[in-house]
Amino acid sequence: MSQIKSLADELRETIKKDGHPDKEIEDGEISFKLKPINKLTKKPPDIKLDTLFESILTFELIGTEKLLIRLDDRTVFLLKQLKIAKAIDMNKLIAFSLQHFLLTHPELIEYVKENIKTIKL
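Predicted, not measured: the structure shown is a model, and the values here were computed from it.

Asker: Can you tell me about the overall build of the protein chain, naming the residues and giving the values?
Answerer: Summing up its helical and strand segments, the protein chain has five helices and two strands in all. In the protein chain, the succession of helices and strands from N to C terminus is α-β-β-α-α-α-α. Taken over 121 residues, the protein chain has a buried fraction of 10%. Summarising the internal contacts of the protein chain: among those between residues at least 6 apart in sequence, 39% fall at separations of at least 24. Of the roughly 11700 Å² of accessible surface on the protein chain, 60% is carried by carbon and sulfur atoms.

Asker: Any chance you could break down the nonpolar core for me, citing the residues and the numbers?
Answerer: Core analysis: the biggest nonpolar cluster contains eight residues, these being Phe-53, Ile-56, Phe-59, Leu-79, Leu-82, Ile-88, Leu-93 and Phe-96. Among the elements of the structure, helix 2 (47-58), helix 3 (73-86) and helix 4 (90-104) are those that each provide at least two residues to this core. Those residues within four positions of Leu-82 in sequence are excluded, and the remaining contacts are Phe-53, Ala-87, Ile-88 and Leu-93.

Asker: Provide a residue-level description of the packing of aromatic side chains, including the pertinent values.
Answerer: According to the stated counting rule, one finds one aromatic pair in the structure shown. Ring geometry for Phe-59 against Phe-96: centres 5.7 Å apart, planes inclined by 75°, an arrangement best described as edge-to-face. Residue Phe-59 is located in the loop between helix 2 and helix 3, and its partner Phe-96 is located in helix 4; the two are separated by 37 residues in the primary sequence. Assigned by exposure class, Phe-59 and Phe-96 land together as buried.

Asker: Residue-level account of helix 3, with values.
Answerer: In an α-helix, one full turn covers 3.6 residues, which means residues spaced three or four apart are oriented alike. Helix length check: helix 3, at 14 residues, gives a terminal C-alpha distance of 20 Å against a target of 20 Å (1.5 Å per residue), a fit within 8%. Following helix 3 by one or two positions, Ala-87 has its phi on the positive side, about 60°.

Asker: I'd like a rundown of the pattern of salt bridges, residues and numbers included.
Answerer: One pass over the full model with this rule turns up one salt bridge. Here Lys-117 and Glu-114 are joined by a salt bridge, their closest N and O atoms 3.7 Å apart. Of this pair, Lys-117 and Glu-114 both sit in helix 5 (residues 106-118), three residues apart, which is roughly one turn of that helix.

Asker: For the packing of helix 4 against helix 5, give the residues involved together with the corresponding values.
Answerer: Where helix 4 meets helix 5, the axes come as close as 4 Å, and the angle between the chain directions of the two elements is 80°. Taken together, the axis directions place helix 4 and helix 5 in an arrangement best described as roughly perpendicular. Of the residues in helix 5, those in contact with Phe-101, Leu-102, Leu-103 and Thr-104 of helix 4 are Pro-106, Leu-108 and Ile-109. Looking at the contact of helix 4 with helix 5, its residues break down into six nonpolar, one polar and no charged.

Asker: Explain the side chain of Lys-92 to me, using residue names and the numbers behind them.
Answerer: With respect to the helices and strands, the residue Lys-92 is situated in helix 4. In this structure, Lys-92 is buried with no salt-bridge partner, the nearest side chain bearing the opposite charge being Asp-89 at 7.4 Å. Beyond its immediate stretch of four places on either side in the chain, Lys-92 contacts Ile-56, Leu-57, Phe-59 and Leu-61.

Cut-offs used in this document
- Residues numbered from 1 in each chain as written.
- Predicted model: local features only at pLDDT ≥ 70, side-chain atom pairs only at ≥ 80, totals over all residues.
- Heavy atoms only, no water.
- Helix = DSSP H or I, 4+ residues; strand = E, 2+ residues; numbered from the N terminus.
- Buried < 20%, exposed > 50% of the residue type's maximum accessible area, 1.4 Å probe, protein only.
- Contact = heavy atoms within 4.5 Å.
- Areas by Shrake-Rupley, 256 points an atom, 1.4 Å probe, with all protein chains shown as cover.
- Core = buried A, V, L, I, M, F, W, Y, C linked by side-chain atoms within 4.5 Å.
- Phe/Tyr/Trp six-rings, centres within 6.5 Å; stacked < 30°, edge-to-face > 60°.
- Expected span 1.5 Å × (residues − 1).
- Salt bridge = Lys/Arg side-chain N within 4 Å of Asp/Glu carboxyl O.
- Axes fitted to C-alpha atoms, helices over the stretch in contact; angles between N-to-C directions.
- Parallel < 35°, antiparallel > 145°, perpendicular 65-115°, else oblique.
- Nonpolar A, V, L, I, M, F, W, Y, C, P; charged D, E, K, R; others polar.
- Lys, Arg positive; Asp, Glu negative; His and termini not counted.

Shown next, in the form of structure tokens:
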């Protein structure tokens, strides 16, 4: 029992000195557990993502109307990072996204058209 305590005490002391908590005790000896080193590997380029970026960059922002919109901090941070990484303007991305949303959901446009017909001024 005293031998176990002394090995545990020895392990604590070596951890305090070296700062290596990944040591194991095997048969009274201290050995290191080797962890695999995660090398940073570059992911292969995503073709779908590249075409999306290309579509956004070629999108022409021709409108003159200005709107004040509210965005949460995370979205604004992401838009700023995208501006730095890909040189995509925030206004261009928002306009592209909104137009893409409206084109992929034509039922929304039809709903608005039908409801405008029923409004009496």
